Every structure is written in structure tokens, then in C-alpha cells.
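Secondary and tertiary structure notes
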Amino acid sequence: MAASFGIFVLAELPGEAGATVRDIQQRYDPKLARLTPPHVTLVGSSGVGAIPTDTPVDRIRAALEPIAASTAPMSLPLGKPHRFMQTDIISLPLDPNGPLRLLHERLARSGLPFKRSRFLFSPHCTLTFYPMLTPQTERELLAVRVTAPAIIDTLQVYLTRDPQPSKLLFTLPLTGAMPAQTVSSVRPGAASGMSRSSA
């Protein structure tokens, strides 16, 4: 979650992928690691902007509860690290289509007010945000591969008023029905899921 002002909807990453991303953040961007857990921003970054801070929490919860209750948990691959053009931000992209897009679009059509966003929906998990990249750190980060899937199984709603710390307002588990063959793979183990590639 970048420095900003508003109410955001995130999906914090549990399990192996979250632990691996946290290790990378602690090594390359300790400030980011301190401020927020590894996550994918569903509302507030791309596609739609943040929810205005004067929106009643009860209204937000009422709009999001039926979406969470009818959305199944997801296990999604994380792509190769990508550097946002003309920035020092490096992130792991996720496929902007499929079930993640459907969830994002349902949130965007929930009837809640949103600020405008300058960017198309591009889900990602940020590895580094604050430090300036050196050529060496850029090479190292772009060579990292997080092989464990991103598990999207809970929504977290945060109030952000920088420079104040973000405040968790509430969480909602995704409890929609899942195909039987995928249930056992939703929560992977805690082994390391990071590898390096020269590609």
C-alpha cells in the first residue's frame, strides 16, 4: 500500500509466498516491511481509487460482505519481477484476468464511492518501494522468482492517513464454494518459495 489517503481493500498474502516476499522486503526495503504486510491491493491503487475516508464503515462492510461470502479463495501464480517505468518500484505481477479481475470488478460495482485512478487494473505485490535502486540491487531483484502461489483468501480493509499509521478497520474471509480438487492446495506449507534466475 503506497503512501496515500483513503480507505483501501487489500488481500494480505499468507503462507509460503507471503513469507518469501516478507524476506525479500526485509532485505531490500526494510521500511516497506515494517509498514505493511505483503499484499495485493484490490481497491485504491489501480482500476479504482481509494474509498473516501468519510464513507461509513458500516456501509463499506455491508457492500463487501456478500462479495466475500460468494467468492472462493484463490491460488494464483506470481509473475517475474517488474520495474515500473521511471520509478524505483519493483513488484511481482499477477494475471489481471480470471478470478482476480472478477473480484476486482465486483468490488468496483459494489455501489461504494471511489476516487479516480489513473491506471488500469494491474494487480501486483510490491517488493521494493522506498529505496533508490542501484544497478546491482535491480539485477538481484529482477532475478528473484517466487515460485509459491499467492493465496487470496481474505479481504482486509484499511484506513490510511499518511503520515499516520494505517488502521485495520475489518477483515472478511472469502467463503465461496471451491472445486473439490483445489481445496487441499489453498494453504501451502511454510517452506521457502524463492529461487533465482538469470533470465
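Everything numeric in this text was worked out from a predicted model, so none of it was measured.

Judged by nonpolar contacts, the single largest core of 44 residues is most densely connected at Leu-64, Leu-107 and Ile-152. Residue contributions to this core peak at five residues, all from helix 3 (residues 57–69). Dropping the residues within four chain positions of it, Leu-64 is found in contact with Val-9, Leu-107, Leu-112, Val-157, Phe-170 and Leu-172.

Turning our eyes to something else, we now look at the side chain of Thr-41. With respect to the secondary-structure elements, Thr-41 resides in strand 2 (residues 39–43). Residue classification places Thr-41 among the buried residues on the basis of a relative accessible area of 11%. A polar atom in the side chain of Thr-41 sits 3.4 Å from the side chain of His-39.

Helix 4 (residues 99–108) packs onto helix 3 with a crossing angle of 155° between their chain directions and a minimal axis gap of 10 Å. It follows that helix 3 is roughly antiparallel to helix 4 by the angle criterion. At the point where helix 3 passes helix 4, the crossing takes the right-handed sense. Between helix 3 and helix 4, the contacting residues are Leu-64, Pro-66 and Ile-67 on the first element and Leu-103, Arg-106 and Leu-107 on the second. Of the residues assigned to the contact of helix 3 with helix 4, the class counts are five nonpolar, no polar and one charged.

Before going further, it helps to spend a moment on the sheet that holds strand 6 (residues 124–128). One open sheet holds the three strands; their spatial order is 4-5-6, and the pairing between them is antiparallel. On the outer flanks of this sheet lie strand 4 (82–83) and strand 6, each paired with one strand and no other. In this sheet, strand 5 (residues 90–93) lies alongside strand 4 in antiparallel orientation, the contact comprising two bridges. Note on strand 5: the bridge partner recorded for Arg-83 is Ile-90. Set on the sheet, helix 1 (residues 15–28) makes contact with strand 5 and strand 6; between it and strand 6 the angle comes to about 30°.

For any pair of aromatic rings, the description rests on two quantities: the centre-to-centre distance and the angle between the ring planes. One pass over the full model with this rule turns up one aromatic pair. Summarising the aromatic geometry, the rings of Phe-129 and Tyr-130 are spaced 4.9 Å apart at their centres and angled 75° between planes, so their arrangement reads as edge-to-face. Directly above the aromatic system of Tyr-130 lies the positively charged group of Lys-31, at a separation of 4.3 Å from the ring centroid. Directly above the aromatic system of Phe-170 lies the positively charged group of Arg-61, at a separation of 4.3 Å from the ring centroid.

Strand 1 (residues 5–12) sits mainly inside the fold: seven of its eight residues count as buried. In this sheet, strand 9 (residues 154–161) lies alongside strand 1 in antiparallel orientation, the contact comprising six bridges. Bridge pairing in strand 9 links Gly-6 to Thr-160. Summarising the sheet, strand 1 and strand 2 pair through four bridges and their orientation is antiparallel. Each residue of the ladder has a partner; that of Ala-11, found in strand 2, is Val-40.

Okay, helix 3 next. An α-helical segment advances 3.6 residues per turn. Residues three or four places apart therefore align on the same side. The end-to-end C-alpha distance of helix 3 is 18 Å, a good match for the 18 Å that 13 residues give at a rise of 1.5 Å each. Ile-60, Ala-63, Leu-64, Ile-67 and Ala-68 are the residues of helix 3 that are buried. In the core, the buried residues of helix 3 are packed alongside strand 1, helix 4, strand 9 and strand 10 (167–173).

Reading the values: rules and limits
- Once a new chain begins, its residue numbering starts again from 1 and follows that chain's sequence as written.
- Residues qualify for local features only when their pLDDT is at least 70, as the model is predicted, and side-chain atom pairs are given and counted only at 80 or more; totals for whole chains, interfaces and linings, by contrast, use all residues.
- The side-chain numbers reported here are obtained from all heavy atoms of the structure, hydrogens and water having been left aside.
- Buried residues of nine kinds, namely Ala, Val, Leu, Ile, Met, Phe, Trp, Tyr and Cys, make up a nonpolar core once their side-chain atoms join them within 4.5 Å.
- Per-residue accessibility, obtained with a 1.4 Å probe over protein chains only, is compared with the maximum for each type, and a residue is labelled buried under 20%, exposed over 50%, and partly exposed between these values.
- A helix here means a DSSP run of H or I that spans at least four residues, while a strand means a run of E at least two residues long, and both kinds are numbered starting from the N terminus.
- The contact criterion used is simple: two residues touch if any of their non-hydrogen atoms lie within 4.5 Å.
- Here a polar contact is taken to be a pair of N or O atoms separated by no more than 3.5 Å, where protein atoms must pair a possible hydrogen donor with a possible acceptor and residues adjacent in sequence count only if both atoms sit in side chains.
- Structural elements are reduced to axes, namely lines fitted to C-alpha atoms, with helices fitted over the stretch in contact, and the angle between N-to-C directions of any two is expressed from 0 to 180 degrees.
- For classification, angles of less than 35 degrees are called roughly parallel, those exceeding 145 degrees roughly antiparallel, those between 65 and 115 degrees roughly perpendicular, and all remaining angles oblique.
- Crossing handedness is defined as follows: a turn of the near helix away from the far one that is anticlockwise and smaller than a right angle gives a left-handed crossing, while the clockwise case is right-handed.
- Basically, the charged four are Asp, Glu, Lys and Arg, the nonpolar ten are Ala, Val, Leu, Ile, Met, Phe, Trp, Tyr, Cys and Pro, and anything else, Gly included, counts as polar.
- In short, DSSP must find at least two bridges between two strands for them to pair.
- Think of it this way: a Phe, Tyr or Trp ring, Trp meaning its six-membered ring, pairs with another when their centres are within 6.5 Å, and the plane angle makes it stacked under 30 degrees, edge-to-face over 60, tilted otherwise.
- Only when the NZ of Lys or the CZ of Arg is both within 6 Å of the ring centre and within 35 degrees of the ring normal is a charge said to sit over the ring.
- To estimate the expected span of a helix, subtract one from its residue number and multiply by 1.5 Å.

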